[in-house]
Amino acid sequence: MECFDLNMLPESCVSVILSLTSPPDACKSSLVSTIFQSAADSDFVWERFLPSDYREIVSKSSNKFEFSSKKELYFLLCNPVLIADGKMSFKLERSTGRKSYVFSARELSIAWSNDPMFWVWKSIPESRFSEVAELRTISWLEIHGKIRTKMLSPNTTYGAYLLVKITDRAYGLDLIPTETSVEIGNQAFTNTAYLRSQDSKKQRIENLFYSNRKQMLESRVIEGDNRVLSKRQDGWMEIELGEFISGETDEEVKMCLKEIKGHHLKGGLVIEGIEIRPKS
C-alpha cells in the first residue's frame, strides 16, 4: 500500500484542513514542513480562529493594536483588552479561541451605589479598571449584571464570577450566606455563597460565639452549597454566581448576588466586576 505524502497537497488545501483544527494544533503542524508552516501562519487559518466580531472588538478597544497578521492579532487578544471606554475587559482563551468578558463595577447595577453614605467609588492600583466600588455600610446588599449570549462563543458552557476583595476592616459580610442566581430564558439557577475564604480564622471564632444567631439567620435563606471565595492569580478573589450554556440563539443572561434577609449592617466589600468565562 502506497503512503500518501501530505506535502503533495497544495498549500490552500492544507490551510483549509488546519482551519478545522485548533490554535495549538495549527502551531504544532508548522513543524511538519515548509508548506505546513506557511499554511499554519496564513491569515485564512487564523481568521477562522478569531471570533466573527473581532473587528468590532478591536475598534472598541482602548488599546492601540499593531499587528502584521491575523495570527499575531489572535495572540494579542489572548491578553486582556479594555473595551467600551475602559468599562469592560475582553480576552480569548488561548487554546480554543472562546471569548470571555469582565464587566467593571460601573457596568453593574449595585443597589444604592450612587449614595456616598453607602458606597464609595475609588481608584486602586490592583484593578484593571479605573474605578471599583467599596462598600462602606449597608443592610441591603444587591448586585446585578447582564449579558447577551450573542456576545459569547456559541454552544459553550460559561460560568459567572463576582470579583471582590475583602478589606481588613470588613464586618457583617459572612454572618449569613448570600444568595446567588443566574437566569437565562425561562430558566433560573440559584445557590448560596459566603463572602469569606475557606480558611477564615474569623469565621471559626464567630461560630463559637454566635452560632445560635447564625442558625436563626441562615434559616431565612434558600438552601444551597454555601460556596466560599477562592483566590485568583491576579490578586482578587471570586465567588461563582452560577453557570449557563450559550446556544445558537441570542438570549439575555441575568446574574445576581444579594443578601437582603439578615437586616444587619455590613461593610468592607470591594467590587471589581463580574467575569463571564468558559468552563473547562
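Up top you'll find the structure we're talking about.
What counts, and where the lines are drawn
- Residues numbered from 1 in each chain as written.
- Predicted model: local features only at pLDDT ≥ 70, side-chain atom pairs only at ≥ 80, totals over all residues.
- Heavy atoms only, no water.
- Helix = DSSP H or I, 4+ residues; strand = E, 2+ residues; numbered from the N terminus.
- Areas by Shrake-Rupley, 256 points an atom, 1.4 Å probe, with all protein chains shown as cover.
- Patch = residues over 30% accessible without salt bridge, like charges linked within 9 Å, V, L, I, M, F, W, Y side chains within 5 Å.
- Salt bridge = Lys/Arg side-chain N within 4 Å of Asp/Glu carboxyl O.
- Buried < 20%, exposed > 50% of the residue type's maximum accessible area, 1.4 Å probe, protein only.
- Phe/Tyr/Trp six-rings, centres within 6.5 Å; stacked < 30°, edge-to-face > 60°.
- Lys NZ or Arg CZ within 6 Å of the ring centre and 35° of its normal.

### Description of the overall build of the protein
So, step 1. Regarding its fold elements, the protein presents seven helices and 14 strands.
So, step 2. For the protein, the computed accessible surface area is about 15000 Å², with 52% contributed by carbon and sulfur atoms.

### Quick look at a nonpolar patch on the surface
So, step 1. Together, Val16, Leu20 and Phe44 make up an exposed nonpolar region whose accessible area comes to about 290 Å².
So, step 2. On the secondary structure map, Phe44 appears in helix H4 (residues 43-49).
So, step 3. Residue classification places Phe44 among the partly exposed residues on the basis of a relative accessible area of 38%.

### Side note on the packing of aromatic side chains
So, step 1. Enumeration over the complete set of coordinates arrives at eight aromatic pairs.
So, step 2. Ring plane angle 50° and centroid distance 5.4 Å describe the contact between Trp46 and Phe75, whose orientation is recorded as tilted. On the criterion of sequence distance, the pair formed by Trp46 in helix H4 and Phe75 in helix H6 (residues 70-76) is long-range, its members being 29 residues apart.
So, step 3. Here Trp46 falls in the buried class, since its relative accessible area comes to 0%.
So, step 4. Here the aromatic residues Trp46, Phe49, Tyr74 and Phe75 are joined through ring pairs into a cluster of three or more.
So, step 5. Taking NZ or CZ as reference, Lys165 lies 4.9 Å from the ring centre of Trp236, over its face.
So, step 6. The aromatic ring of Tyr161 is capped on one face by Arg277, whose charged end is 3.8 Å from the ring centroid.

### Some details on the pattern of salt bridges
Side chains that differ in charge, positive against negative, can pair when their charged atoms come close.
So, step 1. Counted under the stated rule, the structure contains 21 salt bridges.
So, step 2. The closest approach of N and O atoms between Glu93 and Arg98, which form a salt bridge, is 2.8 Å.
So, step 3. Residue Glu93 is classed as partly exposed on the basis of its relative accessible area, which comes to 24%.
So, step 4. Arg98 sits in the partly exposed class, given a relative accessible area of 22%.

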